[in-house]
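# What the coordinates show
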Amino acid sequence: MRKILLLFLSLSILSCSDSKNEFESKYPDYSLNKINFLNKNFYIPDNYQNASSDSIFQSRLNSIKSIDSLSLNNQKYLRLLNSGAQFEYFIDTNNPKNTITFILGEYISLNENTMNKFVEMLKLKSFKKDRELNYRYTLEQKKFYKLSYADVVKVKFKRTKSEEELYLSQYLISQGLKTMTMIVTNSNNEDYDELIKNFQL
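Every chain is numbered independently, its residues counted from 1 as its sequence is written. Reporting of local features is limited, given that this is a predicted model, to residues whose pLDDT is at least 70; pairs of side-chain atoms are given and counted only at 80 or more, and all residues count toward the totals for whole chains, interfaces and linings. Note that water and hydrogens are dropped before the side-chain values are worked out from all heavy atoms of the structure.

### Looking at the overall build of the chain
When helices and strands are counted, the chain shows five helices and nine strands. Helix numbers and strand numbers start at the N terminus; a helix is a DSSP run of H or I with at least 4 residues, a strand a run of E with at least 2. Its helices and strands taken in sequence order, the chain reads α-β-β-β-α-α-β-β-α-α-β-β-β-β from the N to the C terminus. Looking at the chain residue by residue over its 201 residues, the buried ones come to 43%. Should any heavy atoms of two residues lie within 4.5 Å, those residues are considered in contact. Counting contacts in the chain only where the partners sit at least 6 residues apart, residues at least 24 apart contribute 50% of the total. For each residue, the accessible area found with a 1.4 Å probe, counting protein chains only, is set against the maximum for its type, and the residue is called buried under 20%, exposed over 50%, and partly exposed in between.

Next comes the structure, spelled out in structure tokens:
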């Protein structure tokens, strides 16, 4: 029995190592960043820098006074901080409109019904202030899918105003007894689906 358990553990370690090697070869421009509330390293695109509390980039955000992309990111960060949620916040150093945020939430059992309720909640509550500023939201995609290591809901909207476009992809990821939200805002329609693979590594 002990030999079988040792063999199983060895196979699990080898499988994890193979997955990491495969990810690194497929996405060479990604590097590991600590997601503190999960006590786990995640692969994040190299052009993104952690802007969570106590980071160098956060001090830069705090020094911005004008209403520009960095200032808006700072406001977003402060809302997260004041919410009391555990989170990690990454900003594209080449284009501060692009962000990736990980937020730990209460466990939710995910299915198609959850997905539809999530879409309606976003439409009714989360986008209310933006609509008052004449931003328009168009639902681009919604899907629920099961992976061997997690259940995932993905909802994607396009936000438009005049010539301005921004894509907002929100993911709910349930693994074990934890549910995490991943939010990707991107002006180039990048949603980074491959980041879900971090839960397998």
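### Comments concerning the confidence of the model for the chain
Per-residue pLDDT for the chain has a mean of 81; in total, 83% of the residues score no lower than 70. When the criterion is pLDDT under 50, residues 2-16 qualifies, and its contacts beyond four places in sequence or with other chains add up to one contact. Scored between 0 and 100, pLDDT is the confidence that the predictor attaches to each residue.

### Considerations on the nonpolar core
Of all hydrophobic cores here, the largest spans 27 residues; its most connected members are Phe42, Ile100, Phe102, Tyr171, Ile173, Met182 and Ile196. For this core, the elements supplying multiple residues, two or more each, are β1 (30-35), β2 (40-45), β5 (99-105), β8 (164-175) and β9 (178-186). Those residues within four positions of Ile100 in sequence are excluded, and the remaining contacts are Pro45, Tyr48, Glu88, Tyr89, Phe90, Met182, Ile183, Val184, Tyr192 and Leu195. Take the buried Ala, Val, Leu, Ile, Met, Phe, Trp, Tyr and Cys residues and link them wherever side-chain atoms come within 4.5 Å; each set so joined is a nonpolar core. Ranked by size, the runner-up nonpolar core spans 22 residues in total, among them Tyr77, Ile103, Val153 and Leu172.

### So, the sheet that holds strand β4 (residues 87-92)
Two strands qualify as a pair provided that DSSP identifies no fewer than 2 bridges between them. Read from one edge to the other, the open sheet built from seven strands follows the order β3-β4-β5-β9-β8-β7-β6, with strand pairing classed as antiparallel. The open sheet has two edge strands, β3 (48-50) and β6 (136-146), and neither has a second partner. Each strand of the sheet is rotated relative to its neighbour by a mean of 15 degrees, with strand direction disregarded. Most of the contacts of helix α4 (residues 112-126) go to strand β7 (residues 151-161), to which it runs at about 25 degrees, and overall it touches β6, β7 and β8. All axes here are fitted lines through C-alpha atoms, helices being fitted over the stretch that makes contact, and every angle between N-to-C directions spans 0 to 180 degrees.

### Considerations on α4
One fewer than the residue count of a helix, multiplied by 1.5 Å, yields its expected span. For α4, built from 15 residues, the straight-helix expectation of 21 Å at 1.5 Å per residue is met to within 8% by its first-to-last C-alpha distance of 20 Å. Listed as buried for α4 are Thr114, Met115, Phe118, Val119 and Leu122. The arc enclosing the buried residues of α4, seen along the axis, measures out at 140 degrees, which places them on a common side. Opposite the buried face of α4, at more than 90 degrees from it, the exposed residues are Lys117, Leu124 and Lys125. Of the surrounding elements, those touching the buried residues of α4 are β6, β7 and β8. Throughout this description, a polar contact denotes any pair of N or O atoms lying within 3.5 Å of each other; where both atoms belong to protein, one of them has to be capable of donating a hydrogen while the other can accept it, and for residues adjacent in sequence the pair is counted only when both atoms sit in side chains. At the N-terminal boundary of α4, the capping side chain belongs to Asn111, with an oxygen 3.0 Å from the backbone nitrogen of Asn113. Arc, as used here, means the arc of the directions from the helix axis to the C-beta atoms.

### Describing the side chain of Lys156
The residue Lys156 is located in strand β7 in this model. With a relative accessible area of 8%, Lys156 lands in the buried category. Side-chain polar atoms of Lys156 contact the side chain of Asp191, separated by 3.3 Å. With sequence-adjacent residues up to four places away left out, Lys156 is seen in contact with Thr138, Leu139, Glu140, Gln141, Tyr167, Leu168, Ser169, Asn189 and Asp191.

### Section: the pattern of salt bridges
Salt bridge, as used here, is a side-chain nitrogen of Lys or Arg placed within 4 Å of a carboxyl oxygen of Asp or Glu. A complete count under the given rule lists seven salt bridges for this structure. Here Glu120 and Lys123 are joined by a salt bridge, their closest N and O atoms 3.9 Å apart. Residue Glu120 and its partner Lys123 are both found in helix α4; the two are separated by three residues, about one turn of the helix. For Glu120, a relative accessible area of 41% translates into the label partly exposed. When its relative accessible area of 33% is taken as the criterion, Lys123 is described as partly exposed. Arg159 is paired through a salt bridge with Glu164; the nearest N and O atoms lie 3.4 Å apart. The class of Glu164 is partly exposed, set by a relative accessible area of 29%. One salt-bridge network, in which partners are shared between bridges, spans Lys154, Lys156, Asp191 and Asp193.

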